[in-house]
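# Working through the structure, step by step
Residues per chain, in single letters:
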Amino acid sequence: MLLELKDLTVKYKTREGRVLAVDKVSLPLEEKKTLGLVGESGCGKSTLGGAILGILPRETQITGKVIFSGTDLTSMPSKELRSIRGKDISMIFQDPMTSLNPVMKLRDHFIETIFTHTQTSKENAIALAEQALKEVGISSNRLNDYPFQLSGGMRQRVMIALSLVLNPKLVIADEPTTSLDVIVQAQILQLLKGLQEKFKMAMILITHDLGVVAEAADDIGVMYGGHLVEYAPKLELYKDPLHPYTKDLLASVPNTDINDKELRFIPGYPPDLMNPPKGCRYADRCAKVKEICKQKIPPDVRMDDGRLVKCWLYGEGEKNDA
Ligand SMILES: Nc1ncnc2c1ncn2[C@@H]1O[C@H](COP(=O)(O)OP(=O)(O)OP(=O)(O)O)[C@@H](O)[C@H]1O
């Protein structure tokens, strides 16, 4: 197993109080596999990615375990963690313009990343950068460009090249295509998937868009209100979603049928994680809600086929009509 999260819990500290952004999330990720992490805005996806990478604000309280290649990263000294971050685990963010330094040429971004983690000559670093750029279809003479000289899609490809240059075992891609138009989105996803296979990396693909993970993911984790509410292999999840939230999310994916004029969405809003509801986070939007859902957080129910669902409609809760 490449990565295993065990009861991972993240609480942000704010002036107004604590925000329970991720609540006891456990999941596995095997080598070379892609996990799609989906859910509406504010449900804790980016926080989960940030906790794995150890890039959350210093005062954030993290409990549980992030076991990467057999080592728990949450108890690792920050110096050692820095040596893993960017090398063995790298991240691609939604907006490359905010992750690329506007006053640094592309070559310097690569040199900085490479020198942070390896001792090598400048010539070698440039050669690695040229190779990485080639992998994403960008000519090496762009190395002397500044980020603003590139289109949005090219900047995202540069980010991908930067995240791959040190051959990581895991790439966390947080909404990597959201700021791009749909055609470029598809190209970037295809590129990512191709590179992942070529370089044999695992990937966590964070997105609010079930359409994006439909192609790229092997397994899908659905998050809601800081909980992992369902975890299943992709095909099973699309064919037979279990959690009411997953069903509603799938039903709200827009289709291209011109006669279908209905705008689908899930009425209501995700809960305020500073004051989360005491029962199931989805209770007040769920069509199948029972009394117990409002009172107690559902257990993680492991189905016979190994799928996981956090809902009172399954397991022991199935017998409870209250
Ligand atoms: N630095 C922070 N300080 C305090 N609260 C935060 C911080 N970052 C995120 N949050 C809160 O944590 C919760 C989870 O946010 P997070 O960004 O992880 O969700 P998300 O599903 O990735 O949403 P989005 O797609 O909008 O980024 C939200 O309630 C958010 O307001």
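The notes below deal with the structure included here. Just so it is clear, the model here is predicted, and its values are computed rather than measured. (Residues numbered from 1 in each chain as written. Predicted model: local features only at pLDDT ≥ 70, side-chain atom pairs only at ≥ 80, totals over all residues.)

For the protein chain, the helix and strand inventory stands at eleven helices and twelve strands. Dimensions of the protein chain, computed from C-alpha atoms along their principal axes, come out at roughly 70 × 55 × 40 Å. Relative to its 322 residues, the protein chain shows a buried fraction of 40%. Pairs at least 24 residues apart make up 65% of the contacts formed inside the protein chain by residues separated by at least 6 positions. (Helix = DSSP H or I, 4+ residues; strand = E, 2+ residues; numbered from the N terminus. Buried ≥ 20, exposed ≤ 12 C-beta atoms within 10 Å, placed from the backbone. Contact = placed C-beta atoms within 7 Å.)

One non-glycine residue, S69, lies in positive phi territory at about 50 degrees. Mapped onto the fold, S69 is located in the loop between β4 (61-68) and β5 (71-72). Taking the C-beta count within 10 Å as the criterion, S69 has 14 such neighbours and is therefore assigned partly exposed. The backbone of N167 shows a phi angle near 55 degrees, a positive value even though the residue is not glycine.

Once that is clear, we can look at the site of the ligand. Lining the immediate environment of the ligand, one finds 15 residues, of which Y12, A21, S41, S46 and T47 sit closest. For the shell around the ligand, the secondary-structure elements that each account for two or more residues are β1 (3-14), β2 (17-29) and α1 (45-53). For the shell around the ligand, the element with the highest residue contribution is α1, accounting for three residues. When its residues are assigned to classes, the shell around the ligand shows six nonpolar, eight polar and one charged. (Near = placed C-beta within 6 Å. Nonpolar A, V, L, I, M, F, W, Y, C, P; charged D, E, K, R; others polar.)

The next point concerns the sheet that holds β4. Neighbouring strands of a sheet are bound in pairs by backbone hydrogen bonds; such pairs are parallel or else antiparallel. Strand order in the open sheet formed by four strands is β2-β1-β4-β5, and the pairing between neighbours is antiparallel. Two strands in the sheet have a free side with no partner beyond their single neighbour: β2 and β5. Pairing between β1 and β2: nine bridges, direction antiparallel. Within β2, the residue paired with L3 across the bridge is L29. Helix-sheet contacts for α1 involve β1, β2 and β4, and the interaxial angle to β2 is about 70 degrees. (Pairing = 2+ DSSP bridges. Axes fitted to C-alpha atoms, helices over the stretch in contact; angles between N-to-C directions.)

Pairing of β1 with β4 involves seven bridges; the strand directions are antiparallel. Bridging across to β4, T9 finds its partner in T63. As paired strands, β4 and β5 are joined by two bridges and run antiparallel to one another. Directly across from F68, in β5, lies its bridge partner T71. Where β4 hands over to β5, the hairpin turn is made up of two residues, of which S69 adopts a positive phi near 50 degrees.

This part is about the sheet that holds strand β7 (residues 170-174). Taking strand neighbours across the sheet as the criterion, the eight strands line up as β6-β7-β8-β3-β9-β10-β12-β11 in an open arrangement whose pairing is mixed. Looking along the sheet, the strands with just one partner apiece sit at the ends: β6 (89-92) and β11 (300-302). In this sheet, neighbouring strand axes are inclined to one another by 20 degrees on average, regardless of whether the strands run parallel or antiparallel. Relative to the sheet, α1 contacts β3 (34-38), β6, β7, β8 (202-207) and β9 (219-224), its axis offset from that of β7 by approximately 150 degrees. Against the sheet, helix α6 (residues 152-164) touches β6 and β7, its axis set at about 175 degrees to β6.

Another aspect to go through is the nonpolar core. The biggest cluster of nonpolar side chains holds 82 residues, and the ones touching the most others in it are A161, V165 and I172. When neighbours within four sequence positions are excluded, V165 is seen to be in contact with F110, T113, I114, L128, A129 and A132. (Core = buried A, V, L, I, M, F, W, Y, C linked by C-beta atoms within 7 Å.)

A few words now on the packing of helix α4 (residues 106-117) against helix α5 (residues 122-135). Where α4 meets α5, the closest approach of the two axes is 9 Å, and the angle between their N-to-C directions is 115 degrees. If you check the angle between α4 and α5, you find them roughly perpendicular. α5 is crossed by α4, and the crossing has right-handed handedness. Judged by residue contacts, R107, F110, I111, I114 and F115 of α4 engage K122, A125, I126, L128 and A129 from α5. Its residues placed into classes, the contact of α4 with α5 shows eight nonpolar, no polar and two charged. (Parallel < 35°, antiparallel > 145°, perpendicular 65-115°, else oblique. Left-handed = near helix turned anticlockwise from the far one by under 90°.)

Here the focus is the environment of I84. One can find I84 in helix α2 (residues 78-84). Along the sequence, I84 and F68 sit 16 residues apart, while their C-alpha atoms lie 9.8 Å from each other.

Burial analysis of β7 places five of its five residues in the buried class, which makes it a mostly covered element. Burial along β7 is two-sided: the face carrying L170, I172 and D174 and the face carrying V171 and A173 are both buried. Taken together, the four bridges between β6 and β7 define a ladder with parallel strand orientation. Bridging from a neighbouring strand, I89 pairs with L170 of β7. Relative to β8, β7 is paired through five bridges, and the arrangement is parallel. Considered in β8, the bridge of A173 is made with L205.

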